[in-house]
Amino acid sequence: MSDWLESRTGLRAALGSLLGRVHSARSWAPALGHVAGFLFLLQCATGVLLALYYRPAFDGAHASVERIVSEVRFGWLVRSIHVWGTHLLLATTLAHLAARFVTGSHRAPRELVWLSGVALLAALLGSAFTGQVLPLDQEGLQGALIAASEAGPAAEIVKGGPRLSDATVSRFFTAHVVIFPAIAALAIALHVALVAKHRLAGEEGAPPGSPHRATLATLGAAMALAILAFALPAGIGPKGDPSLSVGGVKPLWIFLPLYQAMKGGWTGTFLLIGLPAALVALPFVDRGRNRLPILLLGFALMAGLLVLGLLGAMDGTAAAAAASGR
Amino acid sequence: MELLLLLLLQDVDGFGRADRDAACLDCHQESGEELRGSVHEATGCVGCHGVDEVRRGQVRGNPHRRIAEFRSWKGRNLTDDCGSCHAGPLEALKGSEHYVDTRSPAESMKRGCIECHGYHGVRDSARSSIAKECRRCHEPGSRDLDWGEAAFGRMDDLERTLLRCEEKLAELRGRPGIATADVRAAAGAARRSLAEMATAQHGLDFIRLEAAARQGNETLAAAYNPLAAREREFARRWLLLAPFLLFAGAAAALVGARAARDRKDSGA
């Protein structure tokens, strides 16, 4: 059977040679990329199942997600996997990026590997952001309003009109289900092809990489995801009210540094533009033999983002505690 | 001559439009006091009695002109005033022995809405409060009182079940894995039927009312009771996870063994 397929497509030869060159014999770090890839595919699969029941309308969206979570058989499980999958995918991607930064895998001639990875990260962030809007709970509504206000002159394109409506939901839905996943898929294809080309993992003379670490890491991630989805299944909060004051409504954890920075006005814009610029510029700036300054700068940036994120997470709880008189 | 001029200049008519409570309260302070704090405070005097023209400051005789919009209490069945907003209960009452078709306002105060609810000072029309009014005329142990109290008791049961159900639904809203749409629909239907019963009870057909309330309670309980079982079933979801973890664990062990073998082979 597989011979029949092989003689007609040559798939096994092509994929085998490609994937055979992305494994490493030396460390666990490259397995992170495989885990991220697996999680992305899982997100697509669970996303398709969710899209069968989701209603992209301003009034119907929240109710459709409530239905998925309560009424649809195993809907709660599919949604929980999708929600936890988001967190794990973003965490794995960030860890993968950080590991690759430390090992200097962005340096010449691998700039395009890095840049395709940055594009992939941007697409995943876009997907995560638009995905959080879709249930139209308070966080979702707030996300849509923030996106519209940050878009400036493009606000009407984001909202699909002068105010939040069915058109807004349609746009966020299309962005989440078609636009960002398509960009991500293209970026992944480019990224994997370039990794294979540069033999990132299996350098010349080194023993050939084995796929076992990647498989074990993927199995581990799947088990962790399953345990999280069962232990902490995702519910849904009350329907978002546009007129409600939105103190304490937080975005996804990965956006918390930006959320905190945006309170300072210009600091938010600085981060929104400066951070991607730094990531894109990195392979072209980090060329010298002495990597220490760049590494230190990188760690400082990571620490700064972590601090901003923690501040963003804690914000509101202190005020709430004060308000309740504790 | 000056007297004639003075008379001519005076506003002989002296009627002013009384379309706000302030105009009524000039003379009717007591009624105003009773209305304050009652459920009809927002409705005001004019809401029930209508607008009239009055000669303000007149101390003797009746200062009311009694224009067409004014609903005077003379020669009318005052129960009709209540019906201007509470049409449903009035329709039901008309079919009962508690209604009298009369032109005498005094008679209509003895048998009609006012008999049980009062008029200006209506504060509470809950079933439990009105039930006390029955005992003013109906002896304990009498057939009518027993039937009435039985019907009210079943309606109270239904309301208690409904409140418990609505509380549980609020708690479960948005929680994963526990279907509540059918219970929500049943609670909505029960709420509507309780409202219909509250109107229909004015017809005093307590046997029908008691049966309807009992049936409503059974239907609601049938929908509500499975919720606990669904919560328990969801708590047992780990039984689904266990096979997956076993399978994944076994696969990981196999892969690990293979990796160890490969390392040994390449090392040797």
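Up top you'll find the structure we're talking about.
Every chain's residues receive numbers from 1 upward, in the order its sequence appears when written. In the order they appear in the text, chains get letters beginning with A and ligands get numbers beginning with 1. Local features in this predicted model are restricted to residues whose pLDDT is 70 or higher, and side-chain atom pairs enter the listing and the counts only when it is 80 or higher, whereas totals over whole chains, interfaces and linings include all residues. Here the side-chain values reflect all heavy atoms present in the structure, with hydrogen atoms and water set aside.

## Points about the packing of helix α5 (residues 75-103) of chain A against helix α10 (residues 212-231) of chain A
Residues and elements named next belong to chain A.
Working step 1: The contact between α5 and α10 brings their axes to 9 Å, and the two run at 125°. Here α5 lies oblique to α10, going by the angle between them. When you trace α5 past α10, the crossing you get is right-handed. In this structure, α5 uses Trp76, Leu77, Ser80, Ile81, Trp84, Gly85 and Leu88 to contact α10, whose residues at the interface are Ala221, Leu225, Leu228, Ala229 and Phe230. Helix axes are fitted only over the stretch in contact, all axes being lines through C-alpha atoms; the angle between N-to-C directions runs from 0 to 180 degrees. Numbering of helices and strands runs from the N terminus, with a helix taken as a DSSP run of H or I at least four residues long and a strand as a DSSP run of E at least two residues long. Working definition: roughly parallel below 35 degrees, roughly antiparallel above 145 degrees, roughly perpendicular at 65 to 115 degrees, and oblique for all remaining angles. Crossings are assigned a handedness: left-handed for a near helix turned anticlockwise from the far helix by less than a right angle, right-handed for a clockwise turn. What makes two residues a contact is simply this: any of their non-hydrogen atoms within 4.5 Å.

## Structural notes on the pattern of salt bridges
Residue and element names in this part refer to chain B.
Working step 1: Any carboxyl oxygen of Asp or Glu that lies within 4 Å of a side-chain nitrogen of Lys or Arg is treated as forming a salt bridge with it. Taken as a whole and judged by the stated rule, the model has 27 salt bridges over all chains.
Working step 2: Two residues, Lys168 and Glu231, come together in a salt bridge whose shortest N-O distance is 3.0 Å. Taken together, the residues span a long stretch of sequence, with Lys168 in helix α10 (residues 143-172) and Glu231 in helix α13 (residues 226-235) at a distance of 63 residues.
Working step 3: Summary of the burial criterion: residues with accessible area below 20% of their type's maximum are buried, those above 50% are exposed, and those between are partly exposed, where the area comes from a 1.4 Å probe applied to protein chains only. A residue is classified by how much of its surface remains accessible, and Lys168, at 19% relative accessible area, is buried.
Working step 4: Within the structure, one salt-bridge network assembled from shared partners comprises Arg127, Asp156, Glu159, Glu166 and Arg191.

## A word on the interface of chain A and chain B
Working step 1: Tallying the contact residues gives 20 residues for chain A and 25 residues for chain B.
Working step 2: Each of two parts loses accessible area, computed with a 1.4 Å probe, when they are put together; buried area is these two losses added. Summed over both partners, the interface of chain A with chain B comes to about 1,900 Å²; 73% of that surface belongs to carbon and sulfur atoms.
Working step 3: If you look at where chain A meets chain B, you find one salt bridge.
Working step 4: In this structure, the salt-bridge partner of Glu66 of chain A is Arg173 of chain B, at a minimum N-O distance of 3.0 Å.
Working step 5: Polar contact is defined as a pair of N or O atoms within 3.5 Å, subject to the rule that within protein one atom must be able to donate a hydrogen and the other to accept it, and that residues adjacent in sequence are counted only when both atoms are side-chain atoms. The tally of links between chain A and chain B comes to eight residue pairs in polar contact (both at pLDDT 80 or more).
Working step 6: Put simply, the parts of the chain that give the side of chain A that touches chain B at least two residues each are α4 (60-70) and α10 of chain A.
Working step 7: When residues in the side of chain A that touches chain B are grouped by element, the largest group, ten residues, is from α10 of chain A.
Working step 8: Each residue is assigned to one class: nonpolar for Ala, Val, Leu, Ile, Met, Phe, Trp, Tyr, Cys and Pro, charged for Asp, Glu, Lys and Arg, and polar for all the others, Gly among them. Split into classes, the residues belonging to the side of chain A that touches chain B amount to 14 nonpolar, four polar and two charged.

## Side note on the packing of aromatic side chains
All names here are of chain B.
Working step 1: The criterion for an aromatic pair is that two Phe, Tyr or Trp rings (for Trp, the six-membered ring) have centres within 6.5 Å, with stacked assigned to planes under 30 degrees apart, edge-to-face to planes over 60 apart and tilted to the rest. Taken as a whole and judged by the stated rule, the model has seven aromatic pairs over all chains.
Working step 2: Geometrically, a lysine NZ or arginine CZ counts as sitting over a ring once it is within 6 Å of the ring centre and also within 35 degrees of the ring normal. Positioned above the aromatic ring of Phe15, the side-chain terminus of Arg65 is 4.3 Å from the ring centre.
Working step 3: In this arrangement the basic side chain of Arg237 is found over the ring face of Phe234, its NZ or CZ atom lying 4.3 Å from the centre.

## Details of helix α12 (residues 206-224) of chain B
Working step 1: Spanning 19 residues, α12 of chain B covers 26 Å between terminal C-alpha atoms, matching the ideal 27 Å at 1.5 Å per step.
Working step 2: At its buried positions, α12 of chain B is contacted by α10, α11 (181-200) and α13 of chain B. Expected helix span is taken as 1.5 Å per residue step, with the number of steps being one fewer than the number of residues.

## Here we look at the nonpolar core
Most often, soluble globular proteins have nonpolar side chains that are buried together.
Working step 1: Counting 30 residues, the largest nonpolar core has Met155, Leu162, Cys165, Met197, Leu209, Leu220 and Leu227 of chain B as its most contacted members.
Working step 2: Elements that contribute at least two residues to this core include exactly α5 and α10 of chain A together with α10, α11, α12 and α13 of chain B.
Working step 3: In terms of residues, this core owes the most to one element, α10 of chain B, which gives eight residues.
Working step 4: Residue contacts for Leu227 of chain B: discarding those within four places in its chain leaves Lys168, Leu172, Ile178, Ala179, Thr180 and Val183 of chain B.
Working step 5: Core analysis: the next-biggest nonpolar cluster, separate from the first, contains 19 residues, Leu124, Ala128, Leu225 and Phe255 of chain A among them. In this description, a nonpolar core means a group of buried Ala, Val, Leu, Ile, Met, Phe, Trp, Tyr and Cys residues linked to one another through side-chain atoms lying within 4.5 Å.

## So, the pairing of strand β2 (residues 52-55) of chain B
Residues and elements named next belong to chain B.
Working step 1: Going residue by residue along β2, you find Asp52 and Val54 tucked away on one face and Glu53 and Arg55 left uncovered on the opposite face.
Working step 2: Only strands that DSSP links by at least two bridges are regarded as paired with each other. As judged from the four bridges shared by strand β1 (residues 15-18) and β2, these two strands associate in the antiparallel manner. Counted as the bridge partner of Arg17 is Glu53 from β2.

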